[in-house]
Amino acid sequence: MKSLIAALLLLGLYIGPAQAAKEYDPSKVLYLELRPSLVGNYGDGPRPRFYKADVALRVTGTFAMARLEHHQPLIRNELIMLFAAVPTGGMDSLEAKEQLRQKALERIRAAIEYEEGYPLVEDLLFTNLIAQP
C-alpha cells in the first residue's frame, strides 16, 4: 500500500512539470484580442467622427501572451491616443487604414519594449475597423 501511494506521489510530481511545460510553450503562435472594442472619436472640425476598432495582437509563446495581458491597459491607452490624433479622412481608404495599422504596431511595440525590455508583439491586426466618414 505504501509503495502504491509513493508511486502515485511520484507520478504527480512528474505530471505537474510536464503540464507546466505545455502551458508555457515558447513556439505557440497566439492572438490576444483586446476586449471590449475600442470606441472613440477622431478628426478635426466642427463635427465629431466616431470609430469602432477590434484589435488582435499576434505573439509567440504563452509567456509573451501573459505579459501582454498584464499590459492591456497600457496597450488600450496607446491605441486610443493614436486614434484620437488621426485627422479627418485618416481612416477613409484601405491605404490609410494600413498606415494606421503600421503606426499602431510601432507604437505598441515601443511601449511594450519600454516596459519589458523587448517588444513581444509580432503583428497587430484590425479584425474590425469601422469609421464614420
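Reading guide: rules and limits
Residues numbered from 1 in each chain as written. Predicted model: local features only at pLDDT ≥ 70, side-chain atom pairs only at ≥ 80, totals over all residues. Heavy atoms only, no water. Helix = DSSP H or I, 4+ residues; strand = E, 2+ residues; numbered from the N terminus. Buried < 20%, exposed > 50% of the residue type's maximum accessible area, 1.4 Å probe, protein only. Contact = heavy atoms within 4.5 Å. Areas by Shrake-Rupley, 256 points an atom, 1.4 Å probe, with all protein chains shown as cover. pLDDT = per-residue confidence, 0-100. Phe/Tyr/Trp six-rings, centres within 6.5 Å; stacked < 30°, edge-to-face > 60°. Axes fitted to C-alpha atoms, helices over the stretch in contact; angles between N-to-C directions. Left-handed = near helix turned anticlockwise from the far one by under 90°. Nonpolar A, V, L, I, M, F, W, Y, C, P; charged D, E, K, R; others polar. Salt bridge = Lys/Arg side-chain N within 4 Å of Asp/Glu carboxyl O.

A.B. asks: Help me out: how do you make sense of the overall build of the chain in this one?
C.D. replies: If you tally the helices and strands in the chain, you get four helices and four strands. In sequence order, the chain lays out its α and β elements as α-β-β-β-α-α-α-β. Looking at the chain as a whole, 35% of its 133 residues are labelled buried. Across the chain, contacts joining residues at least 24 apart in sequence account for 72% of those joining residues at least 6 apart. Total accessible area on the chain stands at roughly 8,300 Å², and carbon and sulfur atoms take up 60% of it.

A.B. asks: For this particular structure, what's the right way to read the confidence of the model for the chain?
C.D. replies: One rule of thumb: low pLDDT means the predicted coordinates there are not for detailed reading. Per-residue confidence for the chain gives a mean pLDDT of 85, with 81% of residues at or over 70. Counting contacts from residues 4-22, a segment whose pLDDT is below 50, to residues more than four positions away or on other chains yields zero contacts.

A.B. asks: Could you clarify how one ought to interpret the packing of aromatic side chains in this entry?
C.D. replies: Geometry of an aromatic ring pair is reported as the spacing of the ring centres plus the angle between the planes. According to the stated counting rule, one finds two aromatic pairs in the structure shown. Look at Y51 and F83: their rings are 4.7 Å apart centre to centre, the planes differ by 50°, and that puts the pair in the tilted class. Of the two residues, Y51 sits in strand β3 (residues 49-60) while F83 sits in helix α3 (residues 72-84), which places them 32 residues apart along the sequence. Comparing Y51 with F83, the two get one shared label, buried. Seen in terms of ring centroids, F83 and F126 are 6.0 Å apart; in terms of plane orientation they differ by 40°. Their pairing is tilted. Taken together, the residues span a long stretch of sequence, with F83 in helix α3 and F126 in strand β4 (residues 123-131) at a distance of 43 residues. The exposure class assigned to F83 is buried, which follows from its relative accessible area of 0%.

A.B. asks: Looking at this structure, how should I read the packing of α3 against helix α4 (residues 94-116)?
C.D. replies: Any two packed helices are characterised by how steeply their axes cross, that is the angle between the axes, and by the distance between the axes. Closest axis-to-axis distance for the α3/α4 pair is 10 Å, and the angle between their directions is 145°. When the axes of α3 and α4 are compared, the crossing they make is right-handed. Touching L74, I75, E78, L79, M81, L82 and F83 of α3 are L100, K103, A104, R107, I108, A111, I112 and E115, all from α4. Class assignment for the residues of the contact of α3 with α4 results in eleven nonpolar, no polar and four charged.

A.B. asks: Help me understand the pattern of salt bridges in this model?
C.D. replies: Close approach of charged atoms allows side chains with opposite charge to pair. Counted by the stated rule, this structure contains six salt bridges. With a shortest N-O distance of 2.7 Å, R35 and E33 are connected by a salt bridge. Here R35 falls in the partly exposed class, since its relative accessible area comes to 46%. In this structure, the salt-bridge partner of R101 is E98, at a minimum N-O distance of 2.9 Å.

A.B. asks: Help me out: how do you make sense of the environment of M81 in this one?
C.D. replies: Take M81: it is sitting in helix α3. M81 gets classed as partly exposed once you look at its relative accessible area, which sits at 45%. Taking the C-alpha atoms as reference points, M81 and Y42, 39 residues apart in sequence, are found 9.7 Å from one another.

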